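Chain by chain, the residues:
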Amino acid sequence: MSETDPGALEALVRAHQHFIQHPASNETCDAWRAYCRDHDCDWVTTWDTQPYRETETHGLALSGHDRFDDIPQEELDRALLRIVNTEGPVHLVILTRRLLEAAGFSRAGSRIQARIHEARARLGAQGLIRLDGEFSGRPEQFAVPCLRDWSNLPDALRQLDHVHDSELMLSLVRTVTETGTLERDTAMNDALHRMGFIRLTDNARDRLQAPLERALEMALVVNRNGDLEAGPKAFHRPRSPADPITSLG
């Protein structure tokens, strides 16, 4: 049996990676989330970028109540799930802001905060959402992060602490993979910039340490003599080629 030409094999790998990095409609983040909703996925590196999609709060149907406590439970749950579907994994600060705007309130006192916490816990216990600290999302939203441009959000919401680790990790992986080899701080700075954050401050560097270490542990990126390169898992797909992906269309 003849040996495989190493050059031909490398060319084939590069072609495979190229097609993954330029996704068709069935390889987008939305399509992978639809697939992973019904399948067991631990992580999918997605390659499309989208503007941050904000929930249209006027459509949440929470207005018309004198007190936040007067909102029926089913209406609050429905609104919370809609926010999660649109923005998840969504930080508690953003989730609270959306619910307040929808209900016509300007600030969240202790009673309002307690009710939102109760709603999150209830939906989490029912398995409708997954809770990760102050973040709420569908399970597939954590396994399949989408890279979003946060630059158009108000300053109060466009905070690095409001970005889940999975999305930060995705930005780091894509930044390193698309460049080839990057020094650690350069990778962090470029990963932030592509998401709409201006520069790598000391606080931002600290915030990115955990996502970067997790990406290294998962072999999504690797350390080569102090620099970062794409790891063997960066292009992994959790299915056989014969399995279809159902796009959200």
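Procedures and definitions
- Residues numbered from 1 in each chain as written.
- Predicted model: local features only at pLDDT ≥ 70, side-chain atom pairs only at ≥ 80, totals over all residues.
- Heavy atoms only, no water.
- Phe/Tyr/Trp six-rings, centres within 6.5 Å; stacked < 30°, edge-to-face > 60°.
- Helix = DSSP H or I, 4+ residues; strand = E, 2+ residues; numbered from the N terminus.
- Buried < 20%, exposed > 50% of the residue type's maximum accessible area, 1.4 Å probe, protein only.
- Pairing = 2+ DSSP bridges.
- Axes fitted to C-alpha atoms, helices over the stretch in contact; angles between N-to-C directions.
- Expected span 1.5 Å × (residues − 1).
- Core = buried A, V, L, I, M, F, W, Y, C linked by side-chain atoms within 4.5 Å.
- Contact = heavy atoms within 4.5 Å.

Caption draft 1: Focus on the packing of aromatic side chains. Tallying each qualifying case throughout the model produces 5 aromatic pairs. Each ring, one from Phe 68 and one from Phe 105, has its centre 6.1 Å from the other, and the planes form 70°; the classification is edge-to-face. Here Phe 105 lies in the loop between helix H4 (92-103) and helix H5 (110-125) and Phe 68 lies in the loop between strand E1 (49-51) and helix H3 (73-87), a separation of 37 residues in the sequence. Relative accessible area serves as the criterion here: at 3%, Phe 68 is assigned to the buried category.

Caption draft 2: Looking closely at the sheet that holds strand E6 (residues 181-183). Here 3 strands make up an open sheet; going across it, the order is E6-E8-E7 and the pairing antiparallel. Strand pairing shows two members of the sheet lacking a second neighbour, E6 and strand E7 (221-224), which therefore form its edges. Adjacent strand axes in the sheet meet at a mean angle of 35°, parallel and antiparallel pairs treated alike. Here E7 runs beside strand E8 (residues 227-230); their pairing, made up of 4 bridges, is antiparallel.

Caption draft 3: Fine view of helix H7 (residues 165-179). Compared with the 21 Å implied by 1.5 Å per residue over 15 residues, the 21 Å span of H7 between its first and last C-alpha is a close match. The buried count for H7 comes to 12 of 15 residues, which makes it a mostly enclosed element. Backbone geometry just downstream of H7 places Gly 180 in the positive-phi region, at approximately 115°.

Caption draft 4: Seen up close, the sheet that holds strand E2 (residues 90-91). A sheet is described by the order of its strands in space; here 3 strands give the open sequence E2-E4-E3, paired in antiparallel fashion. With partners counted over all chains shown, the strands left at the sheet margins are E2 and strand E3 (130-132), one partner each. Direction of pairing for E2 relative to strand E4 (residues 135-137): antiparallel, over a ladder of 2 bridges. Residue His 91 lies in a different strand from E4, and its bridge partner there is Phe 135.

Caption draft 5: Representation of the nonpolar core in the model. Formed by 56 residues in total, the largest nonpolar core has its most connected members in Leu 62, Phe 68, Leu 95, Leu 99 and Trp 150. Broken down by secondary-structure element, the contributors of at least two residues to this core are H3, H4, H5, H7, helix H8 (184-193) and helix H9 (202-217). A per-element tally of this core places H4 first, with 7 residues. Setting aside residues up to four positions removed in sequence, Leu 62 forms contacts with Ile 71, Glu 75, Leu 76, Ala 79, Leu 99, Ala 102 and Ala 103. Listed in part, the 9 residues of the second largest apolar core include Trp 32, Tyr 35, Cys 41 and Ala 143.

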